[in-house]
Amino acid sequence: MERIVLPQIENLNQIEVYLANGGFESAKKAFAKTPDEIIDEVKKSGLRGRGGAAFSAGLKWSFMPKTTDKPKYLCVNGDESEPGSFKDRQIFEDNPFQLIEGAIITCYAIGAKVAYLYIRGEYHKWIKLMQKAVDETYSRRFLGDKMKETFGIDFSCDLFIHKGAGAYICGEESSLMNSIEGLRGYPRVKPPFPAQRGLWNCPTTINNVETITNVPAIIKNGWECFSKIGAPKHPGTILFGISGHVNKPGVYELPSGVLLTDLIYNVAGGVPGNKKIKCVIPGGSSMPPLRGDQLEGVRMDAESLKEVGSAIGTGGVMVMDEDTNLLKVLIRIAHFYHHESCGQCTPCREGTGWMEKILHRIDEGHGTSADLDLLISVANNIEGNTICALGEAAAWPVKFMITRFRDEFEKYVNKNISIPVPNKVHSMRGTAVPLAEIQK
Amino acid sequence: MPGQKREKDLNIFEKLYIPEIAKGMALTLKSMFRPNVTLQYPEVRFEPPASYRGRPVLVQENNGIERCVACGLCSRVCPALAIEVQASETDLDKERYPVKFEINMLRCIFCGFCEEVCPEEAIVMSKDYELVFKNRNDAIFGKDKLLVPVEKLKDRLEFLRKFK
Amino acid sequence: MPTLTVDGKQIEIKQGQTIIEAARSAGIEIPHFCWHPSLSISGNCRICLVEIEKMPKLAISCSTYASDGMVVHTQSQKTIEARNAVMEFILINHPLDCPICDEAGECKLQEYVYDNGKGESRFEEIKNRKEKRVQLGPHIKFDGERCISCSRCIRFSEEIAKKNQLTFVQRGDKVTITTFPGESFDNPYTLNTTDICPVGALTNQDFRFKSRVWEMSKTDSICVGCSRGCNTEIWIRNNEILRLTPRHNEDVNSYWMCDKGRLETFKNVNAGNRIDGTYIRKEGQLQKVSWGEALNVAAKSLKDYKSGEIAFIGSAYATCEDNYALIKFAKSLGVTNIDFAGHIISGDQDEILIREDKTPNSLGAELVGVQPGSSGINILAILKGIKEGKIKALYILEDDAASFNEEWESTIGNLDLLIVHATNENKTTALANIVFPASTFAEKNGTFVNFQGRVQRIRPAVATEEMDRALDGMEMSRWDKFGTEFDRWMQGHKYDSKPSWKIFVALSQLLGFKMKFNMAEEIFAEIANSISAFKGLDYDEVGKHGVQLKIKQTVNA
């Protein structure tokens, strides 16, 4: 099959090669149409966001106000901070110009003069690569003021790369905007949504790198062509990043709706030592995990995964074999979300830490079965009560890991154990009564 | 009342009172061999049980610092308004301490509410029941009289842990 | 009119009102920590989550705009469960050191826990430790463990005080508040953050550990620090002022007051240099005498001078009533040399609250007529008159004339007769022949007119020797209600002072012109009758929040 996002062309990251393979032709084609026609085309293509929520890209663009006296902005989200996800890196490295072209077309469609490409700070090397690609695009006059002459239109846009400082939360769209503005990476309360009040309170659209990279292909081949690839309700190809216990981990571009078992056994070469699979997280660490015995017939697209109680997320598939200690896995995930919680709103700030503390206690052998119920209860209390989706991201792994692998977690806890209670007499800590004395 | 007939007149035997006297003497005789319960106060002093509510005192830790953080709850709960606390800041971990703690023993009704409400187990009812003063000012006990080392209050503290 | 339904109650809504505001206007209090009516919305505490019909998730009522036909449940099971969940999260790392914390008794967290708390904790881990007793600025101590990261203080300093001095640092449950590097939290309004802090994380250094809030009585009053006249509450225990806090008045000071007003305006009331009783200069020394003697001497001395030889100086620090009594008294003596001095520190003013006129009542003094009569002379002419020996007797009401400048100090020392009403010892009392102890703003009834032309009342909070808390209808704490003279907590000193108008009334009796005032209210009634700006007003009308006078705004007398 044809690859859209990462075509198999040698040295495509060099602008000569990109131009020789029809580079910036899509942009030319797009400029012949009106912005509304482009939005309509993308809508009809069925392109859905690749950043996790799988929201229709065309619909998102159409939320941008048509008449406004404020400038509009495009943010391209390359923060890619979800554990298990490493697909955008591949685009930065192998196909940067298609991403830039996509950004130009999107700017034209939504009427933005400025696009920001937000790349996580840890991607130092790829920021350099991208900056080189952007500079080259400028020197070839495909970006900036001079693109008016190149394309012969009365439209120009600029693209700036913004380097993140290494916070998971800045991958959330509203804190990404705060981060670009130079503020603390705190998510904003929604509504108002970015399309009404985004960057510097101006209308803003935020799309994932992969989503934007798909746009030139849609314009080039037409929406019908794109909508026929893969699952009808979630068409196109998806970059799957497979990691964990597989023989050939890596990023694979496949049509959506591919069988998960196909992906693991045929594409990624199966599990080392032919071991059984205990658990698969299909879309990055925050998505609900699937049991090994649940995998048969599961297809990798938003709708199918929803049916089996998970989500496509960023397409980062993590495979764990039968020897994996899921408690350790969960502790690592819980630690990550505890560490990355921004601390703005109460449930996530306090809840993530609490869950990690309970899990550590279980790991130390001081857990009871009731603690597992407590963990689920805490996760439920976080879910839905927070400003941004990090609440869910932190709650889901704990909640679903424990409910779906309860039998395994019961092995890690004791039936009858009395745990030391250090907080019973809080106020006494200032006095000379030792803790041991109080507990008697 | 003369002229009126009594409900029941005593008969001669009863009028002699001798059997009754004998009965009384027998009881006295019996009691003579019972164990003695009267204490020869002040030579012998009554040692009350742990549940006894004597005068309220402040617990002083071994390092000489009172447990009290001057939260003022005892003062607030006191139905007789006997307790006055003035807090101040200390460099100790507890931040707050009573620079003045006064219990007006003329107001105190030994109800034990202060002990019950105390979040620090800092004020407890002692076994001390000997309270004598000659004027109103002497009846106001300051920290000097209220602070009692924790060893002397072990009974009461154990009792509180068990039953409070 | 669009309406919103909250808990079955129909509420009319205004354009742009959020659910929490609409509910509040109808008397339904939705719990909140981070939301404050005068600050921007941050939506981070999550305690105000409510169930809205036809919405998939619970929504925070502080940032959700009310719309027509919306149905909100603040007491449904879903709402209460979410509220309890948030409460539990806030409490797990909260130190629960209420016995030590100064906020206890006026703590929002404490109140909501009483309302919504479960009474037991499921948290069995070690609590997070953060920095305690951090000196954020000259007046503020910060306790990181108590902080619930509501960001009210940060938003206050940014939006109200217009100084970016505070910020969050760290992430997740390590989040804490600090000043920016090299900054101190030292703007003129910092202490307002201690009022809006919903917990005891920010405490007032000056009030720290001084008293429990339930041990004090509070009396509505007005700040005397400048001509803004911020509405305040005076907090009293044992007849001593322990703190001032701002009182909400949207027309004057909103919820705020400046640090200077809060910390410095009440210190003189309990200061060691209070004038306690009447003093007369005998053999070069001021000596304490009885009221009767002082009044007699004063009356007799005044009779010795012709009306042209006497001058009166009113005061922008004194109430309208005191100034009015002064005018009436002066006129009874035929004196027309009346004026008062302004106290303006030019430039010491901002766009927020602080005014450069540092007196509370210069407009009031002007309005009641403290100005030279038709043949009288103004304050500079009075000074000249004293120098030239034309003015031989000077009567000063609650002002420190000797501190105006060196010229004044040297000049009034040469007067034949100097009678002074003063609250505290100062340079003028040191020169005076007769000193009457005037009650401070905290010890009397009266009115001030602020720079906007708004007349506002002060009320007695501290009792003087002639007063009794119960009989005079003053605010009383539990201690005041049940205390006796034998209780040490009732033995706070009562100063032997009187409101200035009472001294004028007493003097007028001796001079044959009888002013018949028994209460400050009666003077105000006469002011309302005789001065057009005050027409139709009385104390009830002025009430808690004052009344705007119908005058052309004359600023800075």
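Residues numbered from 1 in each chain as written. Chains lettered and ligands numbered in written order. Predicted model: local features only at pLDDT ≥ 70, side-chain atom pairs only at ≥ 80, totals over all residues. Heavy atoms only, no water.

Trainee: What is the right way to look at a nonpolar patch on the surface in this model?
Mentor: All names here are of chain B. Nonpolar side chains collect at one region of the surface, where Leu-10, Tyr-17, Ile-21 and Met-25 lie side by side and expose about 420 Å² of accessible area between them. Within the fold, Met-25 resides in helix 2 (residues 18-32). Classification of Met-25 as exposed rests on a relative accessible area of 54%. (Patch = residues over 30% accessible without salt bridge, like charges linked within 9 Å, V, L, I, M, F, W, Y side chains within 5 Å. Areas by Shrake-Rupley, 256 points an atom, 1.4 Å probe, with all protein chains shown as cover. Salt bridge = Lys/Arg side-chain N within 4 Å of Asp/Glu carboxyl O. Helix = DSSP H or I, 4+ residues; strand = E, 2+ residues; numbered from the N terminus. Buried < 20%, exposed > 50% of the residue type's maximum accessible area, 1.4 Å probe, protein only.)

Trainee: Explain the interface of chain A and chain C to me, please; I cannot follow it from the model alone.
Mentor: Contact residues are listed per partner, giving 40 residues for chain A and 40 residues for chain C. Across the chain A to chain C interface the summed buried area is about 3,400 Å²; carbon plus sulfur atoms make up 51%. Seen at the junction of chain A and chain C, the total is two salt bridges. Between Arg-171 of chain C and Glu-340 of chain A there is a salt bridge, with the nearest N and O atoms lying 3.2 Å from each other. Applying the counting rule to chain A against chain C returns 17 residue pairs in polar contact (both at pLDDT 80 or more). Those elements that provide at least two residues to the side of chain A that touches chain C are helix 14 (326-340), helix 15 (346-363) and helix 16 (369-382) of chain A. The biggest single contributor to the side of chain A that touches chain C is helix 15 of chain A, with 10 residues. (Contact = heavy atoms within 4.5 Å. Buried area = accessible area lost by both parts, 1.4 Å probe. Polar contact = N/O pair within 3.5 Å; in protein donor to acceptor, adjacent residues only side chain to side chain.)

Trainee: Just to check I follow, could you spell out the sheet that holds strand 10 (residues 202-204) of chain C for this structure?
Mentor: Across a sheet, paired strands are connected by hydrogen bonds in the backbone, their directions being either parallel or antiparallel. All names here are of chain C. Taking strand neighbours across the sheet as the criterion, the three strands line up as 6-7-10 in an open arrangement whose pairing is antiparallel. The sheet is open, and its two edges are formed by strand 6 (134-135) and strand 10, each paired on a single side. As paired elements, strand 7 (residues 140-142) and strand 10 share three bridges and run antiparallel to each other. Counted as the bridge partner of Phe-142 is Leu-202 from strand 10. (Pairing = 2+ DSSP bridges.)

Trainee: Help me understand helix 9 (residues 173-181) of chain A in this model?
Mentor: Residue pairs spaced three or four apart in an α-helix point in one direction, given the helix's 3.6 residues per turn. Residue and element names in this part refer to chain A. Counting buried residues along helix 9, seven of its nine residues qualify, which places the element largely inside the surrounding structure. Taken together, the buried positions of helix 9 are Ser-174, Ser-175, Leu-176, Met-177, Asn-178, Ser-179 and Ile-180. Those residues of helix 9 that are buried lie in contact with strand 1 (73-78), strand 2 (114-119), strand 3 (158-163) and strand 4 (204-208).

Trainee: For this particular structure, what's the right way to read the sheet that holds strand 21 (residues 446-449) of chain C?
Mentor: All names here are of chain C. The strand order across the open sheet built from three strands is 21-22-23, with neighbouring strands paired in antiparallel fashion. Two strands bound the open sheet, and with one partner strand each, they are strand 21 and strand 23 (547-548). Where strand 22 (residues 454-458) and strand 23 come together, two bridges link them in antiparallel fashion. The residue of strand 23 that forms the bridge with Val-455 is Val-547.

Trainee: So what exactly am I meant to see when it comes to the pairing of strand 13 (residues 240-246) of chain C here?
Mentor: Residues in a regular strand point their side chains to alternate faces of the sheet. Residues and elements named next belong to chain C. Among the seven residues in strand 13, six count as buried, and that is most of the element. Both strand 12 (residues 231-237) and strand 13 contribute to a ladder of six bridges, which runs antiparallel. By the bridge assignment for strand 13, Glu-233 is matched with Thr-245. Between strand 12 and strand 13, which pair antiparallel one after the other, the connecting turn spans two residues, and Asn-238 there sits at a positive phi close to 55°.

Trainee: Would you mind going over the pattern of salt bridges with me for this structure?
Mentor: Going through the model one piece at a time under the given rule, you end up with 78 salt bridges over all chains. When the shortest N-O distance is used, the salt bridge between Arg-291 of chain A and Asp-407 of chain A registers 3.7 Å. Taken together, the residues span a long stretch of sequence, with Arg-291 of chain A in strand 9 (residues 290-291) and Asp-407 of chain A in helix 18 (residues 406-412) at a distance of 116 residues. Given a relative accessible area of 46%, Asp-407 of chain A falls into the partly exposed group. Taking the shortest distance from any N to any O, the salt bridge between Lys-282 of chain C and Glu-293 of chain C comes out at 3.0 Å. Pair noted here: Lys-282 of chain C is in strand 14 (residues 278-282) and Glu-293 of chain C is in helix 7 (residues 291-303), with a separation of 11 residues, a long-range link.

Everything listed is a geometric property; what it means functionally is a separate question.
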